[in-house]
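Descriptive structure summary
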Amino acid sequence: MAASSLTLFTTLSIMAVLVKAHPPGLMLTIVNNCPFPIWPAIQPNAGHPVLESGGFFLPSLSHRSFPAPATPWSGRIWARTHCHSTSPSHLSCATGDCNSLLACSGHGGAPPATLAQFSLHHGGHNDFASYGVSLVDGYNLPMTVTPHEGKGLCPVVGCRADLLPACPPPLRLLFPAAHGAVVGCKSGCEAFKSDELCCRNHYNSPQTCKPSDYSKFFKHHCPATFTYAHDTPSLMHECSSPRELKVIFCH
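Every chain's residues receive numbers from 1 upward, in the order its sequence appears when written. Local features are withheld for residues below a pLDDT of 70 in this predicted model, meaning they are given only at 70 or higher, and side-chain atom pairs are given and counted only at 80 or more; totals for whole chains, interfaces and linings count all residues. The basis for every side-chain value is the complete set of non-hydrogen atoms in the structure, without hydrogens or water.

Labelled according to an unreviewed UniProt entry, the chain appears under the name Osmotin-like protein, originating from Kalanchoe fedtschenkoi.

Let's talk about the pattern of salt bridges
A side-chain nitrogen of Lys or Arg and a carboxyl oxygen of Asp or Glu constitute a salt bridge if their distance falls within 4 Å. Under the criterion given, the structure shown has 5 salt bridges. In this structure, Glu190 engages Lys193 in a salt bridge whose closest nitrogen and oxygen atoms are separated by 3.5 Å. Notably, a salt bridge pairs Arg200 with Asp195, separated by 3.1 Å at the nearest N-O pair. Exposure is judged per residue with a 1.4 Å probe applied to protein chains only, and the accessible area is read against the type maximum: over 50% gives exposed, under 20% gives buried, and values in between give partly exposed. Overall, the relative accessible area of 29% leaves Asp195 in the partly exposed class.

Details of the environment of Ala68
Strands are runs of DSSP state E lasting at least 2 residues, helices are runs of H or I lasting at least 4, and numbering of each runs from the N terminus. Relative to the elements of secondary structure, Ala68 occurs in the loop between β3 (62-67) and β4 (73-87). The exposure class of Ala68 is buried, given its relative accessible area of 12%.

Concerning the environment of Trp39
Relative to the helices and strands, Trp39 resides in strand β2 (residues 39-44). Separated by 54 residues in sequence, Trp39 and Cys93 place their C-alpha atoms 9.0 Å apart. Residue contacts for Trp39: discarding those within four places in its chain leaves Phe56, Phe57, Trp78, Ala79, Arg80, Cys83, Leu91 and Leu102. The criterion used for residue contact is that any of the two residues' heavy atoms lie within 4.5 Å.

Side note on the nonpolar core
We define the nonpolar core as a collection of buried residues of types Ala, Val, Leu, Ile, Met, Phe, Trp, Tyr and Cys that are connected through side-chain atoms lying within 4.5 Å of one another. One finds Phe118, Leu120, Val145, Leu245 and Phe249 to be the most contacted residues of the largest nonpolar core, which totals 29 residues. For this core, the secondary structure elements donating two or more residues are β1 (27-32), β4, β6 (115-122), β7 (128-134), β8 (143-148) and β14 (244-249). Apart from residues lying up to four places away in sequence, Phe249 is in contact with Ile30, Val31, Asn32, Asn33, Cys34, Ile38, Trp78, Ala79, Leu141, Pro142 and Met143. Formed by 11 residues, the second largest nonpolar core is a distinct cluster that contains Tyr139, Leu163, Phe218 and Cys222.

What about the confidence of the model for the chain?
Per-residue confidence from the predictor is reported as pLDDT, a score between 0 and 100. Put simply, the chain has an average pLDDT of 90, and 89% of its residues get 70 or more. The low-confidence segment residues 1-23 (pLDDT under 50) makes 3 contacts with residues lying over four places distant or belonging to another chain.

Below, the structure is given as structure tokens:
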């Protein structure tokens, strides 16, 4: 073998070993399977970086992947719907709106919105990724979280059901610009603002915060979700070192 060929072979062999020893880090993928565009939004918890500027446009039947931080990170992802641009950087949305910004830049979303919640790279050498789907702030779209290549208990969690047609009348969010269509299903807390339904003050404990008829509606259709402040969903997990966490809207 010629010296140049041997050098190339050696270089490629070393690169292959390095790739094997240091595989790519955790990726986050957001998939829009809905028959309409959405505007995904990402909000980190305090002290963690904003990912992908906090929000972007995602056409129907498309996806966007990006690397998760290599260090511990926690936050939430949701989708904004029925949006229209008011300027290059401003966006007004019927659900999930974040201060009327295209790039949410750390701002939270207006309820009702289906939320995916994450805590990444915790648990020391086990490198756990915890994830869940919450309807505590209401619902606007079907959503699931699917892990790939993780070890241990790594279930698919979330809500595949379209709850808008069955949403109880007191919880319905109507959108006049869409001919009065139901575009969101509020939580009992958002609809009635009571301490009991919001699990506030005297009701802010596992002993006093109980499911309501409204949270039971969400739980009946989507058992693998959080539906009130002290809820425990039906699927628990300890997923170690997944290579990808895929947030899928609509199925």
